[in-house]
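Tertiary structure, described
Now for the letters of each chain:
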There are 2 protein chains.
Amino acid sequence: MEDDLKKFVLFLEQEIQKLDLPKSPENLYDPLRYFLKLGGKRIRPILTLLGADLFGEKYENALSSALAIEYFHNFSLIHDDIMDEAPLRRTQETVHTKWNSNIAILSGDVLLIKAYQEICKQKAEHLLELMSVFNKTAIEVCEGQQLDMDFETRKSISVEEYIEMIRLKTSVLLGCALEFGAIIAEANTEDKVALYNFGQNIGIAFQIQDDVLDLYAESAQFGKQIGGDIISNKKTLLILKAYELANPFQKEFLLNITQIEDSALKIEQTKTIFAELGVKEEVLKIRDSYFEKGLTALNEIQVSKEKKSTLIKLVDYLKSREV
Amino acid sequence: MEDDLKKFVLFLEQEIQKLDLPKSPENLYDPLRYFLKLGGKRIRPILTLLGADLFGEKYENALSSALAIEYFHNFSLIHDDIMDEAPLRRTQETVHTKWNSNIAILSGDVLLIKAYQEICKQKAEHLLELMSVFNKTAIEVCEGQQLDMDFETRKSISVEEYIEMIRLKTSVLLGCALEFGAIIAEANTEDKVALYNFGQNIGIAFQIQDDVLDLYAESAQFGKQIGGDIISNKKTLLILKAYELANPFQKEFLLNITQIEDSALKIEQTKTIFAELGVKEEVLKIRDSYFEKGLTALNEIQVSKEKKSTLIKLVDYLKSREV
């Protein structure tokens, strides 16, 4: 990671480590202390700092908004992990596994409220605007999570529906995080909208990239099981695109793959048919179209190229995570 | 119920029935439509309207705050019902029973966010104050729920600890509901504090009354199983007070009661030992001390007695629910 990015990362991490949550009730606050300090890349709150910096505001002044974004993100992870019955998060036990589901529900709730408390620490004249963007985004994230759960039992999902789901579930929060910074910096409306659109579109691109990495990453760098989505028959963009491209015979073949019990064989056969259909290339094309939309939006913003360079570096850094 | 109270109830119920939630995702919004229309006494949002009315503000102007309070209350019920594994709420199926736990978690989350959205509809100059009171209260309610769960597995709980738990879990929200009205009406600080204290103290009193009603209500009017708390060995104020008053022999007796399998016998023996110890009278004394504290606070508020009469009527109406 580049040095000028590291400055933001270090500042934020320091502030998160300083967090002073109440001691009691232990079963409410210990899970939050644990989960918030598990780390993660902290991309979202860093975007808030970068959003403020972009328009010449001291990034330290956007700290509370950045923390609000990080709290919200962690709230949604804690609750999602219950719903997905995920045992691990960032290679450590999830809250509902280490404690229990009730504690995970309640400590998640508190974290959402604490996100609002952080927003209230920003200047009063920015409060209504921050709240409006945040509420809208928070509801969209919940809608995205619901759609994701609905998709598990739905037979056919179009590529468009899938992208709308990931837009809601994961990408609007990147837009919101950046817009928070722009609001604190009192950017003009066009620039705020453009920055939001930049965040949302690169968010979609990265989510698509994650789908691709699941199957095509080199495992040494990836840190997760290769083909996890294929093994669990998850409906990712790769598989939806494959169905879209397949002829009836190939569709039958794809359907049969889901029944294979040997993981290695299942992944191998999936890769074979995906190669036949050109799935990876098609999906990467979609990814790149969102990267482009995002960069076009960034381009429209009325600040110097130099000012934009840190954001570009962040995108490059995230992009470099293989494929 | 008195006619001038009914006006508030009708207005609020009408507004809740008018609610226009999005159609999709159905699994997110159908549960909210269902749950919000189950009814309940709507005491909390009515307190917000009465709080505004008390200081000469049009109660209609406090509608959004009132809805925020009702949404928050319903959010906490939906999540608490999951945690308590409660099959029924207001004689109807709970959300996690009618749908499932995941849907109950997520639709609860959305309802909490929608509470904040309602707060944002009030005048911008009141926003920060409303948010501060609301955030503090919301966190306290979560802390109270956590303490309540912790108490289930704790051996000894003092009367003071129990009252602190119900203060957090149920009473601070009544204080907040009233203070919301006072904020909208731009009451002075002393009056706001006094009104909050009135709400909090009568809240504690009513919660204690609920504990008493569980065992001593006349079933025809009560609508719940008499002695439900005793049958499930719940640690209510009655039982905690009984342990406080009991000699070692009586403590042994109380402990043995928890093992009785025949519900009727269990309730009968509990009533016998409670009568011997004078538990009901002692607990009603505590209840009345909180009613008194509440009414003293109301007394301090600098508005005419006439203006206070609707609040007094509401207290009387709630008090009249037996014992």
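Up top is the structure these notes are about.
Residues numbered from 1 in each chain as written. Chains lettered and ligands numbered in written order. Predicted model: local features only at pLDDT ≥ 70, side-chain atom pairs only at ≥ 80, totals over all residues. Heavy atoms only, no water.

**Looking at the overall build of chain A**
Across its full length, chain A holds 16 helices and two strands. Its C-alpha atoms give chain A a radius of gyration of 20 Å, near enough to 20 Å, the size a compact globule of 323 residues would have. Each principal axis of the C-alpha atoms in chain A carries an extent, and together these give about 60 × 50 × 35 Å. Here chain A holds 323 residues, and 58% of them are scored as buried. Sequence separation of 24 or more characterises 74% of the internal contacts of chain A that already satisfy a separation of 6 or more. Total accessible area computed for chain A in this model is approximately 13900 Å², and 49% of it derives from carbon and sulfur atoms. Between the mean site of the 39 positive side-chain charges and the mean site of the 52 negative ones, chain A shows a separation of 3 Å. (Helix = DSSP H or I, 4+ residues; strand = E, 2+ residues; numbered from the N terminus. Rg over C-alpha atoms; globule rule 2.2 N^0.38 Å. Buried < 20%, exposed > 50% of the residue type's maximum accessible area, 1.4 Å probe, protein only. Contact = heavy atoms within 4.5 Å. Areas by Shrake-Rupley, 256 points an atom, 1.4 Å probe, with all protein chains shown as cover. Lys, Arg positive; Asp, Glu negative; His and termini not counted. Charge placed at Lys NZ, Arg CZ, Asp CG, Glu CD.)

**What to know about the environment of Q117(A)**
Note on placement: Q117(A) falls in helix α6 (residues 101-119). Overall, Q117(A) belongs to the partly exposed group, its relative accessible area being 26%. Setting aside residues up to four positions removed in sequence, Q117(A) forms contacts with N135(B), K136(B) and I139(B).

**Focus: the relation of the copies chain B and chain A**
Superposition record for chain B on chain A: RMSD 0.0 Å, screw rotation 180°, translation along axis 0.0 Å. Taken together, the rotation angle and the small translation identify this as a two-fold axis. In this assembly the copies share their binding face: 100% of the residues contributing to the interface of chain B also contribute to that of chain A. (Least-squares fit on C-alpha atoms with pLDDT ≥ 70 in both.)

**Comments concerning unusual backbone geometry**
Cis peptide bonds are those with omega within 30 degrees of zero, and the linkage from S24(A) to P25(A) qualifies with -5°. Tracing the chain through its elements places P25(A) in the loop between α1 (3-18) and α2 (26-36). Positive phi is not limited to glycine here, since R42(B) has a value of about 55°. Inspection of the secondary structure puts R42(B) in the loop between α2 (26-36) and α3 (43-54).

**Things to note about the interface of chain B and chain A**
When the parts of a complex come together, some accessible area is lost, and that lost area is often taken as the interface size. Between chain B and chain A, the contact holds 36 residues from the first and 36 residues from the second. Summed over both sides, the interface between chain B and chain A buries roughly 3300 Å², with carbon and sulfur atoms accounting for 75% of that surface. Here chain B and chain A share zero salt bridges between them. At the junction of chain B and chain A, the tally comes to eight residue pairs in polar contact (both at pLDDT 80 or more). Secondary-structure elements contributing two or more residues to the side of chain B that touches chain A are α2, α4 (63-83), α6 (101-119) and α7 (124-152) of chain B. The greatest single-element share of the side of chain B that touches chain A, amounting to 15 residues, is contributed by α7(B). Its residues assigned to classes, the side of chain B that touches chain A shows 23 nonpolar, eight polar and five charged. (Buried area = accessible area lost by both parts, 1.4 Å probe. Salt bridge = Lys/Arg side-chain N within 4 Å of Asp/Glu carboxyl O. Polar contact = N/O pair within 3.5 Å; in protein donor to acceptor, adjacent residues only side chain to side chain. Nonpolar A, V, L, I, M, F, W, Y, C, P; charged D, E, K, R; others polar.)

**Notes on the nonpolar core**
Grouped together as the largest cluster of nonpolar side chains are 235 residues, with contacts concentrated most on L195(A), F274(A), L195(B) and F274(B). In contact with F274(B), other than residues within four places in its own chain, are L215(B), Y216(B), I230(B), L238(B), I239(B), A242(B), L254(B) and V279(B). (Core = buried A, V, L, I, M, F, W, Y, C linked by side-chain atoms within 4.5 Å.)

**A word on the packing of helix α9 (residues 189-216) of chain B against helix α16 (residues 305-319) of chain B**
Two quantities define a packed helix pair, namely the angle between the helix axes and the distance between the axes. All names here are of chain B. Look at α9 against α16: their axes get within 11 Å of each other, and the N-to-C directions meet at 10°. With respect to α16, the axis of α9 lies roughly parallel. Residues L195, F198, I202, F206 and Q209 of α9 lie in contact with α16, whose contacting residues are L311, V315, L318 and K319. Of the residues assigned to the contact of α9 with α16, the class counts are seven nonpolar, one polar and one charged. (Axes fitted to C-alpha atoms, helices over the stretch in contact; angles between N-to-C directions. Parallel < 35°, antiparallel > 145°, perpendicular 65-115°, else oblique.)

**Here's the deal with the environment of F291(B)**
Residues and elements named next belong to chain B. Position of F291 among the secondary structure elements: in helix α15 (residues 279-300). Its relative accessible area of 3% is what places F291 among the buried residues. Note: C-alpha distance between F291 and G203 (88 residues apart in sequence) is 8.6 Å. The contact partners of F291, leaving out residues within four places of it in the chain, are I202, A205, F206, Q209, V315 and K319.

**Focus on α1(A)**
Residues and elements named next belong to chain A. Its 16 residues give α1 an end-to-end C-alpha distance of 23 Å, which sits within 8% of 22 Å, the value for a rise of 1.5 Å per residue. Of the residues making up α1, those classed as buried are L5, F8, F11, L12, E15 and I16. Axial view of α1: buried residues confined to an arc of 130°, hence all on one face. Set apart from the buried face of α1 by more than 90 degrees, the exposed residues are D3, L10, Q14 and K18. Among the structural elements, α2, α3 (43-54), α4 (63-83) and α16 (305-319) are those in contact with the buried residues of α1. (Expected span 1.5 Å × (residues − 1). Arc of directions from axis to C-beta.)

**Details of the pattern of salt bridges**
Per the stated rule, a full pass over the model turns up 30 salt bridges over all chains. The salt bridge involving E70(B) is made with R42(B); its shortest N-O contact spans 2.8 Å. Taken together, the positions of E70(B) in helix α4 and R42(B) in the loop between α2 and α3 put the pair 28 residues apart, joining distant regions of the chain. One exposure class covers both E70(B) and R42(B), and it is buried. One salt-bridge network, held together by shared partners, links E13(A), R42(A) and E70(A).

From the geometry alone we can't say anything about function, so treat these as descriptive.
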